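Report on the structure
Take a look at the letters that make up each chain.
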Amino acid sequence: MLDINWIRANAAAADAALKHRRNVPYSAAQLIALDDARKAIITRLEEAQASRNGLSKQIGQAKAQKDEAKAQSLMDEVAKLKDSIQQGEDERRKADDALRQALLVMPNLPKDEVPAGEDERDNVEYFGPNGNAATAAKARPPKPAFSFKPKEHFETGEALGMMDFETAAKLSGSRFTILKSQLARMERALGQFMLDMHVDEHGYTEIQPPVLVKDEALYGTNQLPKFEEDLFFVRQGDGRLALIPTAEVPLTNMVRESIVSEDELPLRFTALTPCFRSEAGSAGRGTIGLLRPHQFNKVELVSITTPEQSAEEHERMLASAEAVLQKLGLHYRVMTLSTGDMGFGAQKTYDIEVWLPGQDAYREISSCSVCGDFQARRMDARFRDKAGKIRHVHTLNGSALAVGRTLIAVMENYQQENGAIAVPEVLQPYMNGLKRIGAMP
């Protein structure tokens, strides 16, 4: 959530920063007008309360002087003020809510270095803080070469009899998948490999969070109110809980309504969870197979930092996600998203796009975003710095990686001409030494 005091002091800068953001519902002037109306009500309330306090003293003085007529007259005035104050309190609550609801649907302000643009066509390839294309090419695995036309993952999966869309549709509807046998094992192996890597090599603390959360948690990480239609809800008595769209929600909300010590920061959490998204409005080729299902597994990274640490932590998180693809031998590129393509809550986002030879295209497999204090203000998540000052934390989140999309990438990049799939060397210990899926006897 944006800071209305900052917007008030920097109205022109706020409008300029939001110029290329999508669907910005309010200008700085409109937000300031809502705040002005709220402040005017507060001023009237304070004046009425001061008058009531003054009259109450006069009532005491009149009674001490046994002037009952004056005391009664003053009490009548206090009674009128009491009604007026009650009405003013109602108006203040409505004004507070109007401003809060407006701020809740405002996107985050992009950092100055984020490329200005309207959509993904304006994204810029990123090679690291001190890198270039040549240095990046040394770290990134090359594209595979095939002596045959590579197939898409669902063609290979169905031919192996290990990917069943028809039965899944009978059970749950479209955009669900059943994985079988060795493909199911590879999906499990990928998740465990990623989780082990982030805990053992990158220093993240493993968390097993709930996958059902309250509305308050979704407000904290900005899924609500703007993206309600993309969520799945279940009933709980007269209320509801939501299935998490990403482990970012419970992991980030672990610090909601709390004050941590600066010495505890950064906090780094990771989790492997199922994720559920309705993906309202999406359709077409991108929904075929495992690319955009309603249910998928994902390894999530979340960091909670001081404002001074967050930029460096963003680069660290990106490197942790890249390392997964490097060990799996999967070619990829990194893109800095433009202002028009960046997510609602992000200040800056790096997307990692893995190469899928079956599609002859790069596809997003990870997004790593720094959110500044945008989520912290919604969650009231703060820290006490070394000087004793209470400040909002900064939050970051990243996919490292989406397991289903990583399975797609392995299937397409490691496919064999006979329809088998080679198992990447780093995954073989997780698959009891298996080197081929569907290998011919």
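Report on the accompanying structure. (Residues numbered from 1 in each chain as written. Predicted model: local features only at pLDDT ≥ 70, side-chain atom pairs only at ≥ 80, totals over all residues. Heavy atoms only, no water.)

**Quick word on the sheet that holds strand β6 (residues 232-236)**
- The strand order β5-β7-β6 describes an open sheet built from three strands, whose pairing is antiparallel. Two strands in the sheet have a free side with no partner beyond their single neighbour: β5 (212-213) and β6.
- Pairing of β5 with strand β7 (residues 239-243) involves two bridges; the strand directions are antiparallel. Bridge assignment links V213 to a residue of β7, and that residue is A242. (Pairing = 2+ DSSP bridges. Helix = DSSP H or I, 4+ residues; strand = E, 2+ residues; numbered from the N terminus.)

**Quick word on the packing of aromatic side chains**
- One pass over the structure, following the stated rule, counts six aromatic pairs.
- Ring plane angle 15° and centroid distance 4.4 Å describe the contact between Y126 and Y350, whose orientation is recorded as stacked. Placement of Y126 in the loop between β1 (124-125) and α5 (133-139) and of Y350 in strand β12 (residues 348-356) is noted, with a sequence separation of 224 residues between them. Each of the two residues, Y126 as well as Y350, counts as buried. (Phe/Tyr/Trp six-rings, centres within 6.5 Å; stacked < 30°, edge-to-face > 60°. Buried < 20%, exposed > 50% of the residue type's maximum accessible area, 1.4 Å probe, protein only.)

**A few points about the side chain of N413**
- In this structure, N413 sits in helix α13 (residues 403-413).
- Relative accessible area serves as the criterion here: at 9%, N413 is assigned to the buried category.
- Within the local environment of N413, its side chain forms a polar contact with the backbone oxygen of W355, the two atoms lying 2.9 Å apart.
- Contacts of N413, omitting those with residues within four sequence positions, involve P144, F146, L330, W355 and P357. (Polar contact = N/O pair within 3.5 Å; in protein donor to acceptor, adjacent residues only side chain to side chain. Contact = heavy atoms within 4.5 Å.)

**Thoughts on the pairing of strand β9 (residues 267-276)**
- Burial analysis of β9 places seven of its ten residues in the buried class, which makes it a mostly covered element.
- Summarising the sheet, strand β4 (residues 205-206) and β9 pair through two bridges and their orientation is parallel. Bridge assignment links E206 to a residue of β9, and that residue is T270.
- As defined by bridge partners, β9 adjoins strand β10 (residues 295-305) across ten bridges and the pair is classed as antiparallel. Counterpart to A271 in the pairing with β10 is E300.

**So, the sheet that holds strand β8 (residues 258-261)**
- Read across the open sheet, the three strands follow the order β8-β14-β15; overall the sheet is mixed. At either end of the open sheet lies a strand with only one pairing partner, and these are β8 and β15 (390-392). For this sheet, the mean inter-axis angle between neighbouring strands, taken without regard to orientation, is 35°.
- Of the strand pairs in this sheet, β8 and strand β14 (residues 381-384) are connected by four bridges, and their pairing is parallel. Bridging across to β14, S261 finds its partner in R384. (Axes fitted to C-alpha atoms, helices over the stretch in contact; angles between N-to-C directions.)

**Some details on unusual backbone geometry**
- The amide bond that connects L224 to the next residue, P225, takes the cis arrangement and shows omega of 5°.
- The residue P225 is located in the loop between α9 (215-220) and β6 in this model.
- With an omega dihedral of 10°, the bond running from A400 to L401 counts as a cis peptide bond.
- Phi at D360 takes a positive value of approximately 55°, unusual for a residue other than glycine.
- For D360, the location among the structural elements is in the loop between β12 and β13 (361-370).

**Topic: helix α3 (residues 28-64)**
- Over its 37 residues, α3 extends 54 Å from the first C-alpha to the last, a length consistent with the 54 Å expected when each residue adds 1.5 Å.
- Residues A28, L31, I32, D35, R38, I41, L45, A48, L55, I59 and A62 constitute the buried set of α3.
- Just downstream of α3, K66 is the residue with a positive phi angle, here 60°. (Expected span 1.5 Å × (residues − 1).)

**Some remarks on the pattern of salt bridges**
- Going through the model one piece at a time under the given rule, you end up with 25 salt bridges.
- A salt bridge links R377 to D3; the shortest N-O distance between them is 3.2 Å. You can see R377 sitting in helix α12 (residues 374-379) and its partner D3 sitting in the segment before α1 (4-9), a full 374 residues away along the chain.
- Overall, D3 belongs to the partly exposed group, its relative accessible area being 23%.
- The partner of K348 in a salt bridge is E113, and the shortest N-O contact between them spans 3.4 Å. Remark: E113 occurs in the loop between α4 (68-104) and β1 and K348 occurs in strand β12; sequence separation between them is 235 residues.
- Residue K348 is classed as buried on the basis of its relative accessible area of 11%.
- Within this structure, R8, D35, D36, R38 and D96 form a network of salt bridges that share partners. (Salt bridge = Lys/Arg side-chain N within 4 Å of Asp/Glu carboxyl O.)

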